[in-house]
Amino acid sequence: ASESDVNDVVVIGGGPGGYVAAIKAAQLGLKTTCIEKRGALGGTCLNVGCIPSKALLHSSHMYHEAKTRFANHGVKCDNVEVDLAAMMAQKDKAVFNLTKGVEVLFKKNKVIYVKGAGKFLSPSEISVDTIDGDNTLVKGKNIIIATGSDVKGLPGITIDEKRIVSSTGALALTQIPKKLIVIGAGYIGLEMGSVWARLGSEVTVVEFAPDIVPTMDGEIRRQFQRSLEKQKMKFMLKTKVVAVDTSSSDVVKLTLEPSAGGDQTVLEADVVLVSAGRTPYTSGLDLDKIGVETDKIGRIPVDRRFSTNVEGVYAIGDVIPGPMLAHRAEDDGIAVAEFIAGKEGHVDYDKVPGVVYTHPEVASVGKTEEQVKASGVAYRVGKFPMLGNSRAKSIDDAEGLVKVIAEKETDKILGVHIMASNAGELIHEAALAITYDASSEDIARTCHAHPTLSEALKEAAMATYDKPINI
Ligand code: FAD
C-alpha cells in the first residue's frame, strides 16, 4: 500500500460515537475511514435505540391523549383506534431517513465508509470482512474503537425476539400484547413499558433492586413511580425471576421470588421484555492480538485523551466506562478527534444530562440529593411544582416538579432534577448553568419568557435562596 492509502483515522463502528468522531476528524482535515458492519449507520441509537423508541413513545402518546384527554380540550373523536402496522411503518421511516442522512453527511465531509466487520491485525491495520462477502485491509495511523454495546441477557432466559424479547424485539412487536412483563426497571424498560401500556397492554415491571431507576434522585423517583402506577403500570420491586417456562404456546410463565428469598409466585404474560442493562461490545475485534486491555465487565479503560493502553488505539462511547448514552458517545467522538488532530478535547461525565422519555419525562443533571448528602457538603434545596406553572396549567399538563440543589455557602448549583411533560428539553438550561458553575441566583435572575414551562426552573432556582412567587 502506498502512503496515500493510509488513513489518518480509522473508526470501527458507525454509532453516535463513531460517526461523529469520523465527521469531526474529517472536518479537522484528517483522512478518515469509518467501518460499520450493520449495513446502516447510526449504531444502536438510530437503528434499535433512541430513535425508534422515541418514535413509538410519541405515536403511543398521541393515541393515549386522543383516547383519554382530547375530550377535556373540546376535541371530539370517537372510535380512536391503533393501526400498529402504520405506527411501526412511521417508526421505520424515521429510522431509515436518519440513517441515510448520516451517509449523506459522510459524503459531504469526505469520510470513506466501509461496510463490514473490522478486526485488528496490528495496531494500525484492520482486516474487514465486507457485507458483500469480500475482505479488505484498512490502514490507519490512529484507530478509534467505537463498537458500542449489546443487550445484556439474563442467565437461564433465552431471548427469541418474539415472546421473550430484548428492547430490539419490543420495538418491533406485530401485535399488542395483552400482558407484558418487563424485567428491569431502568429507563429503557420503563420507556418500552410505557409504549405498550398506552397501547393497551397490562404491564408489570419486575425489578431485583428496591427502587426503579437507581440513579434518579429519590424524591423525584418516588413521584415518578406513582405517576407510572396511575398510568396502570404495576411494579414488583425487590423481586427476582427464578424460572421461565415457554412450554405453553399461549403464555410465558415466570416464576418469581423476593430478591432476599421467600415464597414463589407465578406470573403469566404474552410477551416478556428482558431489559437488564447493556454490556460493552468488543466481540470479534481480536483485541487480544494487539494487547488492548479490558476491565472485569468488558469495558476498555482509557485515559483523558481516550487513548487505550496501546499507542495509536483509542476508544469512545458505550464500550468505555461512563454513562451509556448517545450524547455522551457523541461528545467523546468530538473530543477524541480533537485530541488526534493535536487540539484539546473535553467531556465532563459528571455533567451529562439523563432523560427518561416517558410522560411526564424525567430529566436530571449533576448530583442527586442523596449524593450531595453523602458528600458532606451543606446544601439548600429549592422546589417548584408544575402545578404552579401557568403554561402547564393552561395546557392541563401540570404533573411533576423542578428541584434545584445548590451549595449552601456559595449557591453554586450541584444538581437539577425535573419531572415535567417537557423535562428533556428543560434540562439543558440547567446543564449549561452547571457546566459554567452558575449559582441558582444566576438562573433566577435570568429573564424567562412567559408563559413557558421553563419558568418553573427559574422559580425552583429562586426557592433555593429566597421564596418563589407563584406558589
Ligand atoms: P453503538 O450505538 O452501539 O454503535 C456501535 C456500532 O458499532 C454498531 O452499529 C455496531 O454494528 C458496530 N460494530 C460493532 N463491532 C463492529 C466491528 N467489529 N466492525 C464494524 N462495526 C462494528 N441513549 C440516549 O442518549 N438517549 C436515548 O433516548 C436512548 N434510548 C435508548 C433506547 C434503547 C432501546 C436502547 C437499546 C438504547 C438507548 N440509548 C439511548 C443508548 C444509546 O443507544 C447508546 O448509548 C449509544 O448508541 C452508544 O453509542 P456508541 O457509538 O458508543 O455505540
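Use the structure listed above.
Predicted, not measured: the structure shown is a model, and the values here were computed from it.

Caption draft 1: Looking closely at the sheet that holds strand S17 (residues 354-356). The antiparallel open sheet is built from 5 strands, whose spatial order is S17-S18-S21-S20-S19. Looking at the sheet topology across the chains shown, the edges are occupied by S17 and strand S19 (379-385). Mean inter-strand twist for the sheet, computed between neighbouring axes without regard to direction, equals 10°. Where S19 meets strand S20 (residues 401-407), 7 bridges bridge the pair, whose relative direction is antiparallel. Its bridge partner lying in S20, Pro 385 is registered against Leu 401. Packing of helix H14 (residues 455-465) onto the sheet brings it into contact with S19, S20 and strand S21 (413-420), and relative to S19 it is tilted by some 145°.

Caption draft 2: Representation of the environment of Phe 120 within the structure. Among the structural elements, Phe 120 can be located in strand S3 (residues 112-122). We classify Phe 120 as buried; it has 22 C-beta atoms within 10 Å. Considering only alpha carbons, one finds Phe 120 and Pro 210, 90 residues apart in sequence, at a separation of 43 Å. Residues within four places of Phe 120 in sequence aside, it is in contact with Ile 126, Leu 285, Asp 286, Leu 287, Lys 289 and Ile 290.

Caption draft 3: Layout of H14. Within H14, 10 of the 11 residues are buried, which leaves the element mostly enclosed by the surrounding structure. Turning to H14, the residues buried within the fold contact S19, S20, S21, helix H12 (423-435) and helix H13 (440-444).

Calculation criteria
Here the residue numbering is sequential within each chain, running from 1 through the sequence in written order. In keeping with the predicted nature of the model, local features appear solely for residues at pLDDT of at least 70, side-chain atom pairs appear and are counted solely at 80 or more, and the whole-chain, interface and lining totals rest on all residues. In this description, strands pair whenever DSSP reports at least two bridges between them. Here a strand is any run of E in DSSP of at least two residues, a helix any run of H or I of at least four, and the numbering for each starts at the N terminus. Note on geometry: axes are lines fitted to C-alpha atoms, helical ones only across the stretch in contact, with angles between N-to-C directions running from 0 to 180 degrees. Residues are scored as being in contact if the C-beta atoms we place from backbone atoms lie within 7 Å. To assign burial, the other C-beta atoms lying within 10 Å of each residue's own C-beta are counted, with C-beta atoms placed from the backbone; 20 or more indicates buried, 12 or fewer indicates exposed, and intermediate counts indicate partly exposed.

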